[in-house]
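Overview (structure and organization)
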Amino acid sequence: MFAFCPKCPKLIRATVFRVSFGLSLLFVGVAHYMSFGAFKAMVSDGLGPITLLGALWAIILPALMIVGGGLLVADKRRDIESWATSLALGSIPAGMLLKSLIGGLSLADSMPAAINAFVWILVYGLVLRLSCSANQTCDKPASSM
């Protein structure tokens, strides 16, 4: 019945973790588009002379999250998935701290969002590590003792 489901416990854990993270990323991207006005204002606020660039990034960022999350769930085109997810997640702490540098936003206001994004980046790294190690472990034939 479930011929597509992995049998190896490490691969099961990695698959569930990968799909859960991918869906979460996808859902956050969709939620940003669903409240786009507020999201665009949040992204572009505090960027001073590059406010227009922030507004453009507010359009691109959720798309990267949706593409990255969807491809992570589907376990397809891991190259495109990795670029989309890494750019999306990596741009958040960089953008928040840029607001403190050029927009006058205090670090006390920008650091919580930057730290939250770093947590997402760390979890993404863990998802990739578990997926790779599970594939290597589960693909090896069992050694006979």
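Okay, so let's go over this structure. (Residues numbered from 1 in each chain as written. Predicted model: local features only at pLDDT ≥ 70, side-chain atom pairs only at ≥ 80, totals over all residues. Heavy atoms only, no water.)

Below, the discussion takes up unusual backbone geometry. Of note in the backbone geometry, D75 takes a positive phi value of approximately 60 degrees without being a glycine. Relative to the helices and strands, D75 resides in the loop between helix 3 (51–74) and helix 4 (78–102). Within the chain, R77 stands out as a residue other than glycine whose phi angle is a positive 40 degrees. (Helix = DSSP H or I, 4+ residues; strand = E, 2+ residues; numbered from the N terminus.)

Of the volumes computed, that of the largest pocket is approximately 560 Å³. Lining the largest pocket are 24 residues, and of these V43, L61, S91, I92 and M96 sit closest to its centre. Those elements that place two or more of their residues in the lining of the largest pocket are helix 1 (9–34), helix 2 (36–44), helix 3, helix 4 and helix 5 (107–139). Grouping the amino acids of the lining of the largest pocket by side-chain chemistry returns 18 nonpolar, 5 polar and 1 charged. (1 Å grid on protein atoms, 1.4 Å probe; cavity = no way out; pocket = protein on both sides within 12 Å on 5 of 7 lines; lining within 4 Å. Points joined across faces, edges and corners; volume = space filled by probe spheres on them. Nonpolar A, V, L, I, M, F, W, Y, C, P; charged D, E, K, R; others polar.)

What follows covers the side chain of S100. With respect to the secondary-structure elements, S100 resides in helix 4. Side-chain polar atoms of S100 contact the backbone oxygen of L105, separated by 3.0 Å. Those residues in contact with S100 that lie beyond four places of it in its chain are L105, S106, L107 and S110. (Polar contact = N/O pair within 3.5 Å; in protein donor to acceptor, adjacent residues only side chain to side chain. Contact = heavy atoms within 4.5 Å.)

Across all of its chains, the model carries 3 aromatic pairs by this definition. Ring centres 5.4 Å apart and planes at 55 degrees place the aromatic pair F21 and W120 in the tilted group. You can see F21 sitting in helix 1 and its partner W120 sitting in helix 5, a full 99 residues away along the chain. On the basis of relative accessible area, W120 is assigned to the partly exposed category, the value being 24%. Plain terms: the ring middles of F21 and Y124 are 5.8 Å apart, the flat faces sit at 20 degrees to each other, and that makes the pair stacked. Placement of the pair is F21 in helix 1 and Y124 in helix 5, with a sequence separation of 103 residues. Here F21 matches Y124 in class, with each residue buried. (Phe/Tyr/Trp six-rings, centres within 6.5 Å; stacked < 30°, edge-to-face > 60°. Buried < 20%, exposed > 50% of the residue type's maximum accessible area, 1.4 Å probe, protein only.)

With that out of the way, let us pick up helix 4. Taking 1.5 Å per residue as the helical rise, helix 4 with its 25 residues ought to reach 36 Å, and the 35 Å between its terminal C-alpha atoms agrees with that figure. For helix 4, the principal kink sits at S91 and spans about 25 degrees; a proline, P93, occurs within the next four residues. Every buried residue of helix 4 is listed here: E81, A84, T85, A88, L89, S91, P93, M96, K99 and S100. (Expected span 1.5 Å × (residues − 1). Bend = angle between axes of the 7 residues up to and from the residue.)

In short, the description is geometric, and any link to function would need to be established separately.
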